[in-house]
Amino acid sequence: MLRIVINHTHGLARLCFFLSPIVMLGEVFCDLQQPTLMAQIIDNGLTRHDMNYVIGHAWLMAGFAILGLICGAGTGALGNYASLKMGQSLRTHMLRVALTSRNPKGLEPATLVTRITNDVTQMQNLVMMMTRGMVRSPMLLVGGMVMSIVVSPRLAPILFITMPFLLVFMFMVVRRSIPKYTKMQQAVDTVNRVMRENLQGAKTIKSYVLEDHQLNQFNDDNTALQARSQTAATATIILSPVIQLVLNLCVVIALGYGGTLVVSRTIPNGQIIAFVNYMIQITTAMVMTVNIITAFSRAITSGTRVGEVLAEEPQIDTRPSDNQLPHDSSIEFDHVSFGYIDSKPILEDISFDVQAGQWLGIIGATGSGKSSIINLLTRTYDDYTGTIKIGGVDIKDMALDTVHKQVTLAFQDAQLFSGSVRSNLTFGAPQATPADLTTATHTADADEFIDNLPAKLDAPVEQQGKNFSGGQRQRLNIARAITPHAPILVMDDATSAVDQETNARIKSRLDENRGGKTTIIISQRITNVMGCHEILVLQDGKLVARGTHDELMQTSPFYKQLVQTQLGGGPNGHE
Ligand SMILES: Nc1ncnc2c1ncn2[C@@H]1O[C@H](COP(=O)(O)OP(=O)(O)OP(=O)(O)O)[C@@H](O)[C@H]1O
């Protein structure tokens, strides 16, 4: 955990992180002077009626108090800066890891959100504690004990008998509390996930009149969170009162025993006052240590969870040094097999090739592995066997950026970002010219509805594009994929929400304007793929047939059946 903190405090922040505890030593030193000065005022000043001595020492006490205050404020400011900078760095780094990680068993968005927000805040609290409390409390504790021995050696054994018991007690409580805080953070994840799902699916929930049902389910998770938080808090709640009680007992014993020593003139009055003051400082330091330990238990859990995200570094060797560029936009899959989970193959021994500039259609039942082929082509997953080449070069020999520049994608689930229509269209091509946008929107048949928007290309897009219809979102999505002029265009069921007429228009405009791009069309609609140079037929992750429409009508009963179901029963699909 300390490694994470150090790695994410850079430059000035790191200097502040290390400087802060040093400045804190000044505050502790000043605090420790007060009881001794007080004892000296009583024993040397008041007892001897020496007012100059009293006033001089009072000024000294005031001076140490002000210096302590300055040191304390300085420590707080330095620690705060280090903690804020570390939080900023961690959040950015974690989001980068989340966006670039290609681990299929990776973390769910709900837990990522909790880790990036809640857990990082716990880590920030830890830094504040490390720079302030973690130095102040032990120093005050040790310093208070040393000073109490020096000032009142006859009373000090009271402390030495009780302290080991308290320390063992504290250690046991903390050990018990750590797993409880882990469970509490997991419950926070669940509440976040359920809340997210409900908010995203609010429309569906309303349409099924399931608001109460969902609320009841949420209440169960919410109650579980409350219960786990309670259990975790209860595990450490006992610490403070027990420590307070034991140390108060020590004060009572010190007063009783010390009182008899004062009466018998074995020790002076001031010693007992100084000892009690040191006891109070020790008590404060112990209570502070307890709070730190409680927060530390939470921070250990959070540190582990943050560490798990950071461990999800991108697993792909992006080979920036010997990056090879493809010779053209041809594609080749050679005996490719892949599974998201090791034991379950999703694609089995897939081999095909597409020449540069050709159309490839991929058709197959839902779940047959069509989108998985694209996931591999874009190196979203790297752990496949066999070889995939773009332009004659193995995609594993290309930098990831190079692969992504070759392929643009339009998905069925058209994801838009809040901003404007223009910012969405230029998402992958910030340098796009007005002419590029005109071509892209025309090809995607999005020009007409954009022209009808009051602000046209600058019209606002709300979160997830919810101020556009499903069909409009898909058309913007296609236009966005066309804008960057990538040599390969993939349309993964990208027109499923548009009507037949619009679909046909997009297809014919793509044919006109795609400028020699290699184009892969994944579709459930036979009409979208039947004109392709080659069509792949997938069944349960296996390539069961490939050929032109006419060839497949002869060789693939599955394809023929699809054609007959969708278009009717004639030899070419028509009656
Ligand atoms: N991220 C993932 N983790 C685990 N399994 C996955 C993942 N994505 C897809 N799968 C599984 O892989 C199989 C193939 O999915 P894929 O999305 O490639 O099918 P598809 O043919 O494109 O389906 P559809 O036409 O419904 O989009 C399915 O059984 C699916 O459950």
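Scroll up for the structure.
No experiment lies behind these values; they were computed from the predicted model shown.

Trainee: Help me out: how do you make sense of the overall build of the protein in this one?
Mentor: The helix and strand tally for the protein stands at 20 helices and 12 strands. The burial tally for the protein puts 37% of its 575 residues in the buried class. The long-range fraction of contacts in the protein, counting pairs at least 24 apart against all pairs at least 6 apart in sequence, stands at 78%.

Trainee: Please explain the site of the ligand as it appears in this structure.
Mentor: The full set close to the ligand counts 11 residues, and Tyr-340, Thr-366, Lys-370, Ser-371 and Ser-372 are the nearest of them. With 3 residues, the top contributor of residues to the shell around the ligand is helix H11 (residues 370-377). Classifying every residue of the shell around the ligand gives 3 nonpolar, 7 polar and 1 charged.

Trainee: Looking at this structure, how should I read the nonpolar core?
Mentor: Soluble globular proteins tend to bury their nonpolar side chains together. Counting residues in each nonpolar core, the largest one holds 65 residues, and the members touching the most others are Val-336, Ile-362, Leu-476, Ile-478, Ala-479, Met-491 and Val-537. It is helix H16 (residues 470-482) that provides the largest number of residues to this core, a total of 5 residues. Sequence-distant contacts of Met-491, that is, excluding residues within four places in its chain, are made with Ala-410, Ile-478, Ile-521 and Ile-522. If you look at the next biggest cluster of nonpolar residues, it comprises 55 residues, including Met-24, Met-147, Ile-282 and Ala-299.

Trainee: What exactly am I supposed to notice about the packing of helix H14 (residues 434-443) against helix H17 (residues 500-513) here?
Mentor: Viewed as axis vectors pointing N to C, H14 and H17 meet at an angle of 140°, and their least axial separation amounts to 8 Å. Within the contact between the two elements, H14 uses Thr-439, His-442 and Thr-443 and H17 uses Arg-509, Leu-510 and Asn-513. A per-class count over the contact of H14 with H17 returns 1 nonpolar, 4 polar and 1 charged.

Trainee: Is there a simple way to think about the pairing of strand E12 (residues 542-547) in this case?
Mentor: Side chains on a regular strand alternate between the two faces of the sheet. Across 5 bridges, the pairing between strand E11 (residues 534-539) and E12 is antiparallel. Each residue of the ladder has a partner; that of Leu-536, found in E12, is Arg-546. Count of turn residues in the E11/E12 antiparallel hairpin: 2 residues, of which Asp-540 carries a positive phi of about 45°.

Trainee: Can you help me understand H17 in this one?
Mentor: An α-helix turns once every 3.6 residues. As a result, residues three or four positions apart point the same way. With 14 residues, H17 should cover 20 Å at 1.5 Å per step; its first-to-last C-alpha distance of 20 Å lies within 8% of that length. Residues of H17 that are buried: Asn-503, Ile-506 and Leu-510. Take H17 and look down its axis: the buried residues cluster within an arc of 60°, on one side only. Seen from the open side of H17, the exposed residues pointing more than 90 degrees away from its buried face are Gln-500, Glu-501, Asp-511 and Glu-512. The inward-facing, buried residues of H17 abut H14, H16 and strand E10 (518-522). Phi for Gly-515, located one or two positions after H17, is positive at around 55°.

Trainee: Help me out: how do you make sense of the environment of Gln-472 in this one?
Mentor: With respect to the helices and strands, Gln-472 occurs in helix H16. Residue classification places Gln-472 among the buried positions, given that 20 C-beta atoms sit within 10 Å. A C-alpha to C-alpha distance of 8.6 Å links Gln-472 and Ala-497, two positions 25 residues apart in sequence.

Trainee: Can you walk me through the environment of Ile-506 in this structure?
Mentor: Along the chain, Ile-506 turns up in helix H17. Sequence spacing of Ile-506 and Arg-475 is 31 residues, and the spatial spacing of their C-alpha atoms is 8.8 Å. What Ile-506 contacts, discounting residues up to four positions off in sequence, is Ala-444, Asp-445, Ile-478 and Thr-495.

Criteria and thresholds
Residues numbered from 1 in each chain as written. Predicted model: local features only at pLDDT ≥ 70, side-chain atom pairs only at ≥ 80, totals over all residues. Helix = DSSP H or I, 4+ residues; strand = E, 2+ residues; numbered from the N terminus. Buried ≥ 20, exposed ≤ 12 C-beta atoms within 10 Å, placed from the backbone. Contact = placed C-beta atoms within 7 Å. Near = placed C-beta within 6 Å. Nonpolar A, V, L, I, M, F, W, Y, C, P; charged D, E, K, R; others polar. Core = buried A, V, L, I, M, F, W, Y, C linked by C-beta atoms within 7 Å. Axes fitted to C-alpha atoms, helices over the stretch in contact; angles between N-to-C directions. Pairing = 2+ DSSP bridges. Expected span 1.5 Å × (residues − 1). Arc of directions from axis to C-beta.

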